[in-house]
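Structural overview for review
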Number of protein chains: 2
Amino acid sequence: MDACGLIVEYNPFHNGHQYHISQARKASQSTCIIAIMSGNFLQRGEPAIIDKFHRAKAALNGGADIVIELPYTFAVQNSDRFATGAIKTLHKFGVTSVCFGSESGSIDPFLYAYKTLKTSNHVFEKILKDNLSGGLSFPDAATAAYGTLGLTEENLDLSKPNNILGFSYVKAIQEYASSITPLTIQRKNNDFHDESIKGSIASATSIRKQMLHSESIDTSVQNAIPPETFKQLQSYKEKTSIWHDFEKYFPFLRYRVLTMSIKELQNIQGVVEGLEFRIQQTANDATTFLDWMRKIKTKRYTWTRIQRIFIHILTNTKKDENYVDCSPSYIRILGMNKQGQQYVNHHKKNIDVPIITSIANMNHSILSIEERATKAYYSVIPAHLQRKMFKQELQPPIII
Amino acid sequence: MDACGLIVEYNPFHNGHQYHISQARKASQSTCIIAIMSGNFLQRGEPAIIDKFHRAKAALNGGADIVIELPYTFAVQNSDRFATGAIKTLHKFGVTSVCFGSESGSIDPFLYAYKTLKTSNHVFEKILKDNLSGGLSFPDAATAAYGTLGLTEENLDLSKPNNILGFSYVKAIQEYASSITPLTIQRKNNDFHDESIKGSIASATSIRKQMLHSESIDTSVQNAIPPETFKQLQSYKEKTSIWHDFEKYFPFLRYRVLTMSIKELQNIQGVVEGLEFRIQQTANDATTFLDWMRKIKTKRYTWTRIQRIFIHILTNTKKDENYVDCSPSYIRILGMNKQGQQYVNHHKKNIDVPIITSIANMNHSILSIEERATKAYYSVIPAHLQRKMFKQELQPPIII
């Protein structure tokens, strides 16, 4: 019984994701689709619009057989570390293939890019360094360097975020899990950062933007998501009265930064090169989160990198709590269907880390970060509801 | 030119305080009244209803010639440390007397109590210890011990908070500033924790309660405060849209405690004997600040002691930032009138610590706590106003 792994965030789960699952099933000829999903905080350094439990439920109803959690430690990291954590976890869980979406829908450019960069890495690093000291932003410097190595639109444009992620998956597979077959299927929507909803396949970005703007799920959004996602988004808002976005955390972040010592800020994961001073100084005048970000942003640091730092500040995640280079020490199942249960029963004897179904089962430093992150995530919902929402962490997985 | 010192909080400045100033002027025969006032956080571990600048302005208009700030380091402490910090600071500033309110209006019981406890301290300590291990709360245990030493209603009942404060002033004077003459005048209102407003002399507690309850300044409050206090209370609310109370800080405190490690909580000033576990566990279910306090409260710890811990958590004040036993290293003037300016000009040559008029003038660890505390205090007002309010810290003193 083969399994194909998908690396996802489902923020929220939409028709494009459902299409991806069905295509991955075909492409991989697998009976089981395992989605490894970021928890409440995401790779680009953002809070998810609804919590992981409601997103997992939508995904299971949308065709995933198992949804496992990508721990915070791996999830809120740059694409390379994010990909490595996800691939290593899927590998431990026994998947035989991993399938991701791309523009070309062909895997060869990714393999070619990997080989090229592996053999000419020193060249790449040098050009990149020169470009950076030449004053280019990191993404521009990288694109230019890729170009010099012949990695351009024609084969693989590594300036595109989704290509970078795909490339990171392929790279991680080659380096840590070469028994996994990398597969890619063509995306239906061209740009997953598309800001406006067009038809039934829209980007998660455009869906969130529309939802947060109208504080409702209008027909344009409804056309782009399966009915179960609609149900989960509604139900989450009925329970908590909100959908999450960064602005809701701004008062907490500002309060926190203004009452931290510089030394404490230096100890937060991702805070380097004197950023602690810049973050604290700009906090004094910031009037919104967006305003604060704009005051901090420089060519030197990408927007997402700064956002990830803010998530680490919010969750009080220290540099000495970085387990990103460790091998996954458990697999946490958020939910599964009958098919998924069969897969687990059939494979568990070959899985050399504990399979956990609730953070109550186990005492582990990576789980204690998860617990803290979840409490920070719920800090913006009404106080009397926070405990109730947190209790989901202690319950058995969702079974559909 | 003699000065009489008053140790105050003015939360807010009311008719009783104004009466105290005029009586102190008579009793001390002093030309200058110097009020040393707690800043934005108070001895009982509470945020002041309006900030120190607006309270100082009301006090100057109410008859104080100079208002100096009792630093956070001394202000948010038990009565002994609070009194010691205040007395030492007034002593450095050259006051010849200190005048406080009491029920009896006679100083002898305080001096008698001091002598008795000094000579029989070992007896007192032993009885206190026995009473505590006998299961009595600290205040009850202390009262009983005082009783055994003959310190009862007839002479001085040290179970009454205002008597305890007065006693602490006298004690601090005897031990650190014996050149100061302790004076006391009879309070007009019997109990300064009185919860309801009766006539033109009411307790600050009853005034705050009424204001926060009605979110306005009704006639009963107006009758109990001078017009300038009315003006300052109004103006503060117009500027910031709020009056401060603990509940407004609850979301920040809860978020903070739930994302702190036990070790971090142990490092906060005042957190002892495993209280860190109790504070963190109860945080999960707390629905309001009052609810949280009730869940933490035990016979072992007084309400105010727990509140002070919460203020230290809010301001992120560590155990290693405790300067309470240090000699005051500066005197900060919040405001003064002509009389006050003359006093400063006349005495400054004899004052051996810097007299500062803005925290911008000086880099000092006690001032950096002050700065952090002020930012924490304003964290509950709208973001775009916080910077503007904070700037008061950087401006010269109020001159009337």
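Let me begin by describing the structure that accompanies this report.

What counts and how
Residues numbered from 1 in each chain as written. Chains lettered and ligands numbered in written order. Predicted model: local features only at pLDDT ≥ 70, side-chain atom pairs only at ≥ 80, totals over all residues. Heavy atoms only, no water. Helix = DSSP H or I, 4+ residues; strand = E, 2+ residues; numbered from the N terminus. Rg over C-alpha atoms; globule rule 2.2 N^0.38 Å. Contact = heavy atoms within 4.5 Å. Areas by Shrake-Rupley, 256 points an atom, 1.4 Å probe, with all protein chains shown as cover. Buried area = accessible area lost by both parts, 1.4 Å probe. Salt bridge = Lys/Arg side-chain N within 4 Å of Asp/Glu carboxyl O. Axes fitted to C-alpha atoms, helices over the stretch in contact; angles between N-to-C directions. Parallel < 35°, antiparallel > 145°, perpendicular 65-115°, else oblique. Left-handed = near helix turned anticlockwise from the far one by under 90°. Nonpolar A, V, L, I, M, F, W, Y, C, P; charged D, E, K, R; others polar. Polar contact = N/O pair within 3.5 Å; in protein donor to acceptor, adjacent residues only side chain to side chain. Least-squares fit on C-alpha atoms with pLDDT ≥ 70 in both. Buried < 20%, exposed > 50% of the residue type's maximum accessible area, 1.4 Å probe, protein only. Expected span 1.5 Å × (residues − 1). Core = buried A, V, L, I, M, F, W, Y, C linked by side-chain atoms within 4.5 Å. Phe/Tyr/Trp six-rings, centres within 6.5 Å; stacked < 30°, edge-to-face > 60°. Lys NZ or Arg CZ within 6 Å of the ring centre and 35° of its normal.

As a further point, take the overall build of chain A. Within chain A one finds 19 helices and 8 strands. Taken over the C-alpha trace, chain A has a radius of gyration of 21 Å; the compact-globule value for 400 residues is 21 Å, and the two agree within 12%. Expressed as lengths along the three principal axes of its C-alpha atoms, the size of chain A is roughly 55 × 55 × 45 Å. Long-range contacts, defined as pairs at least 24 residues apart, comprise 75% of the intrachain contacts of chain A with a sequence gap of at least 6. Just so you have it, chain A exposes about 15500 Å², and 52% of that area is on carbon and sulfur atoms.

Between chain B and chain A, the contact holds 27 residues from the first and 28 residues from the second. Counting each side, the surface lost to burial between chain B and chain A is near 2300 Å², with a carbon and sulfur contribution of 55%. In this structure, the connection of chain B to chain A is made through 4 salt bridges. Across the salt bridge formed by Asp-285 of chain B and Arg-387 of chain A, the nearest N and O atoms sit 3.1 Å from each other.

This brings us to the packing of helix α6 (residues 121–133) of chain B against helix α7 (residues 138–148) of chain B. All names here are of chain B. Viewed as axis vectors pointing N to C, α6 and α7 meet at an angle of 140°, and their least axial separation amounts to 8 Å. In this view, α6 runs oblique relative to α7, as classed from their interaxial angle. Judged by the twist between their axes, the crossing of α6 over α7 is right-handed. Listed contacts from α7 to Phe-124, Ile-127, Leu-128, Asn-131 and Leu-132 of α6 are Phe-138, Ala-141, Ala-142, Ala-144, Ala-145, Tyr-146 and Thr-148. Partitioning the contact of α6 with α7 into residue classes produces 10 nonpolar, 2 polar and no charged.

All names here are of chain B. Mapped onto the secondary structure, Ser-28 falls in helix α1 (residues 15–28). At 2.6 Å, the side chain of Ser-28 and the backbone oxygen of Ala-24 are in polar contact. Among all residues touching Ser-28, those that are not within four sequence positions of it are Cys-4, Ser-97 and Leu-183.

This part covers the relation of the copies chain B and chain A. Each copy superposes on the other: chain B lies on chain A with an RMSD of 0.0 Å after a rotation of 180° and an axial shift of 0.0 Å. As the rotation angle and translation indicate, the two copies are arranged about a two-fold axis. Residue Phe-252 of chain B of chain B places its C-alpha closer to the rotation axis than any other residue of that unit, at 3.2 Å.

Residue and element names in this part refer to chain A. Here the residue pair Asn-11 and Pro-12 is connected by a cis peptide bond, since its omega of 0° sits within 30 degrees of zero. Within the element layout of this structure, Pro-12 appears in the loop between β1 (3–8) and α1 (15–28). With a phi angle near 75°, Ser-241 is a residue other than glycine that sits in the positive phi range. Relative to the assigned elements, Ser-241 resides in the loop between α11 (227–240) and α12 (246–259). When its relative accessible area of 44% is taken as the criterion, Ser-241 is described as partly exposed.

Another aspect to go through is helix α8 (residues 161–176) of chain B. Its 16 residues place the ends of α8 of chain B 22 Å apart at the C-alpha level, agreeing with the 22 Å of an ideal helix rising 1.5 Å per residue. Those residues of α8 of chain B lying buried are Asn-162, Asn-163, Leu-165, Gly-166, Phe-167, Ser-168, Tyr-169, Val-170, Ala-172 and Ile-173 of chain B.

On to the nonpolar core, then. Counting residues in hydrophobic clusters, the biggest one holds 268 residues, and the most contacted among them are Phe-310 of chain A together with Phe-310 of chain B. When neighbours within four sequence positions are excluded, Phe-310 of chain B is seen to be in contact with Phe-246, Leu-253, Ile-279, Phe-289, Trp-292, Met-293 and Ile-296 of chain B.

Residues and elements named next belong to chain B. Where helix α5 (residues 108–119) contacts α6, the two axes come as close as 4 Å, and the packing angle between them is 80°. As judged from the angle between their axes, α5 and α6 are roughly perpendicular. The segment α5 lies against α6, with Leu-117, Lys-118 and Thr-119 engaging Asn-121, His-122 and Phe-124. A class-by-class count of the residues in the contact of α5 with α6 yields 2 nonpolar, 3 polar and 1 charged.

With that out of the way, let us pick up the packing of aromatic side chains. All names here are of chain A. With the rule as written, the count across this model stands at 27 aromatic pairs over all chains. With centroids separated by 5.6 Å and ring planes inclined at 65°, the aromatic side chains of Phe-93 and Tyr-343 adopt a geometry described as edge-to-face. With Phe-93 in the loop between α4 (79–92) and β4 (97–102) and Tyr-343 in helix α17 (residues 338–347), this pair connects stretches of sequence that are 250 residues apart. Members of the aromatic cluster, connected to one another through ring pairs, are Phe-246, Phe-250, Phe-289, Trp-292 and Phe-310. Cation over ring: Lys-237 sits above Trp-243, and NZ or CZ is 4.2 Å from the ring centre. For Lys-375, the ring lying beneath its charged end belongs to Phe-390, and the centroid distance is 4.9 Å.

All names here are of chain A. For the structure shown, the criterion picks out 35 salt bridges over all chains. Glu-69 is the partner of Lys-52 in a salt bridge, and the nearest nitrogen-oxygen pair spans 2.6 Å. Remark: Glu-69 occurs in strand β3 (residues 66–70) and Lys-52 occurs in helix α2 (residues 52–61); sequence separation between them is 17 residues. On the basis of relative accessibility, which here comes to 0%, the residue Lys-52 falls in the buried class. Residues participating in the shared-partner salt-bridge network are Lys-52, Glu-69, Arg-332 and Glu-393.

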